[in-house]
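Architecture at a glance
For reference, the chains in residue letters:
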Amino acid sequence: MVAMQTLSLGTCKFSRLMLLAVFGCLPALADAQQLANLSHSELPDAPGWVQVKEAHSTEPPRGTGNISGTVLDIDESMVPNARVTLVEEGNFAERTTVSDGEGNFIFSDLAGGRFKIIITSPGLKTFVSSEIILHPGEHHELARIALPLAVANVDVQVTVTQVEIAQEQIELQEKQRLFGVLPNFYSSYIWDAAPLTTKQKFTLAGHSILDPVVFVVTGIAAGIEQANNTFPAYGQGTKGYAKRYFADYGDELSNRMISSAILPVVFHQDPRYFYKGTGSKRSRALYAVSRALITRGDDGRSKPNYSHILGAFAAGAISNTYHEGSDRGTGLLLRNGFIAIGGHAADNLLREFLFKHLTPNVPNYEKGEPLSISEPAAH
């Protein structure tokens, strides 16, 4: 009996303990069920994720500051559609905009920092601002920006024709005067001078025959002839002097125009003497004398000097038309012809060895034939 009561009391205590345990866990179970019923959207973000997300963001922090300005050209005119780039120091991200119709631009929502502005526009120089220090919430307006015109690099190729080169060389030749007075127009000290055109040959001959010095020299020659009674048929006195003067000038005129202009055009030859200036004296002398019979063609090759040979005899034939009766004939033709050829050879010797030293206006670079390696310099 006692044992049964004891077992009954033990069972009762155990039951009470179980009931207490069950009823004690009910609040906890209720809280767990309530949490389970919450949707995922109602759960708060974990603080660790927010920090990681912010730490890896590449977007610059947004703020309330701004940078603005106006783009102009050098004429103070507005420049629309200029490309404006904002660069933040220490951040590779850039913001780009374009100026409006009034040339204005603005970058908004900026946090504090160090910035630069780069502005480009077609035809204008690129503008790079100095460093702009923007404080949080500051509104920074740049001074009016005037972009100068861009300087374009242009390659200009100038082509000079042979005719232009020849003209320049002729103009230099026409400044060549012995002792600064006597014409030395037909001496070319440029060995590879450009060939002359038809017009240039006639122009050079005209300048030569119409030079004032020629009229003076002709007058002196006529006076000497009259003093020596050369060509007696002309007589003496003023009338005789005038006949000798016009006869001498006529000889010079016809010889110059035929030998230095007309026939050089017909035979495509150069009427000038090309100064050699190099080699031995003997080689230079032979060259000078031979130029009375050999000349340079317009193609640069040596050819028989038809211009001066035929020109000399043609001028002699023409002189028969105005010389006095006893001075006319075949003798006058041959005499004038051979005198002209011989005089041309003698003149060439003077050109080769003397005239250059007596002509002050010859440029230093005009030295005649280029000196070859195997050829000794002239002394």
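That block above? That's the structure.
Note that the structure is a prediction, hence the values are computed from the model and not measured.

Points about the environment of Pro212
You can see Pro212 is positioned in helix 5 (residues 212-227). Residue Pro212 is classed as exposed on the basis of its relative accessible area of 58%. Here the alpha-carbon distance between Pro212 and Pro183, two residues 29 residues apart in the chain, equals 9.7 Å.

Remarks on a nonpolar patch on the surface
A surface patch of nonpolar side chains, about 360 Å² in accessible area, is lined by Phe179, Val181, Leu182 and Val217. Position of Leu182 among the secondary structure elements: in strand 11 (residues 182-183). By relative accessible area, which is 33% here, Leu182 ends up partly exposed.

Here's the deal with empty space enclosed by the protein
Applying the stated rule across the entire model yields one cavity of 30 Å³ or more. Around the largest cavity, the lining residues are Gln169, Leu172, Gln173, Ser188, Ile190, Ala193 and Glu366. The greatest single-element share of the lining of the largest cavity, amounting to three residues, is contributed by helix 3 (residues 162-173). Residue classes in the lining of the largest cavity are distributed as three nonpolar, three polar and one charged.

Brief notes about the packing of aromatic side chains
Scanning the model with the defined rule gives nine aromatic pairs in all. A ring pair is formed by Tyr245 and Phe246, whose centres lie 5.6 Å apart and whose planes are at 85 degrees; its orientation type is edge-to-face. Members of the aromatic cluster, connected to one another through ring pairs, are Trp191, Tyr273 and Tyr287. Across the ring face of Phe274, the terminal group of Arg296 is positioned such that the distance to the ring centre comes to 3.7 Å. Positioned over the ring face of Tyr189 is Lys356, at 5.9 Å from the centre of the ring.

Topic: the pairing of strand 5 (residues 113-120)
Every other side chain in a regular strand lies on the same face of the sheet, so the side chains alternate between the two faces. Direction of pairing for strand 2 (residues 83-88) relative to strand 5: antiparallel, over a ladder of six bridges. For Val84, the partnering residue across the bridge sits in strand 5 and is Ile119. Here strand 5 pairs with strand 7 (residues 132-134) via three bridges, running antiparallel. When the sheet's bridge partners are listed, Phe115 is paired in strand 7 with Ile132. Two elements, strand 5 and strand 6 (residues 127-128), share two bridges in a ladder whose sense is antiparallel. Within strand 6, the residue paired with Ile119 across the bridge is Phe127. Between the antiparallel neighbours strand 5 and strand 6 lie six residues, among them Gly123 with a positive phi of about 85 degrees.

Looking at the nonpolar core
Ranked by internal contacts, the top residues of the largest apolar core, which has 18 residues, are Ile67, Phe105, Ile117 and Ile119. Listed by contribution, the elements that provide at least two residues to this core are strand 1 (62-73), strand 2, strand 4 (104-110), strand 5, strand 7 and strand 9 (145-147). Apart from the residues within four sequence positions on either side, Ile67 is in contact with Leu86, Phe105, Ile106, Phe107, Leu110, Phe115, Ile117, Ile132, Leu134, His140 and Leu142. Core analysis: the second largest hydrophobic core is formed by nine residues, Ala166, Ile170, Ala205 and Ala261 among them.

So, how was this worked out
- Residues numbered from 1 in each chain as written.
- Predicted model: local features only at pLDDT ≥ 70, side-chain atom pairs only at ≥ 80, totals over all residues.
- Heavy atoms only, no water.
- Helix = DSSP H or I, 4+ residues; strand = E, 2+ residues; numbered from the N terminus.
- Buried < 20%, exposed > 50% of the residue type's maximum accessible area, 1.4 Å probe, protein only.
- Patch = residues over 30% accessible without salt bridge, like charges linked within 9 Å, V, L, I, M, F, W, Y side chains within 5 Å.
- Areas by Shrake-Rupley, 256 points an atom, 1.4 Å probe, with all protein chains shown as cover.
- Salt bridge = Lys/Arg side-chain N within 4 Å of Asp/Glu carboxyl O.
- 1 Å grid on protein atoms, 1.4 Å probe; cavity = no way out; pocket = protein on both sides within 12 Å on 5 of 7 lines; lining within 4 Å.
- Points joined across faces, edges and corners; volume = space filled by probe spheres on them.
- Nonpolar A, V, L, I, M, F, W, Y, C, P; charged D, E, K, R; others polar.
- Phe/Tyr/Trp six-rings, centres within 6.5 Å; stacked < 30°, edge-to-face > 60°.
- Lys NZ or Arg CZ within 6 Å of the ring centre and 35° of its normal.
- Pairing = 2+ DSSP bridges.
- Core = buried A, V, L, I, M, F, W, Y, C linked by side-chain atoms within 4.5 Å.
- Contact = heavy atoms within 4.5 Å.

From the geometry alone we can't say anything about function, so treat these as descriptive.
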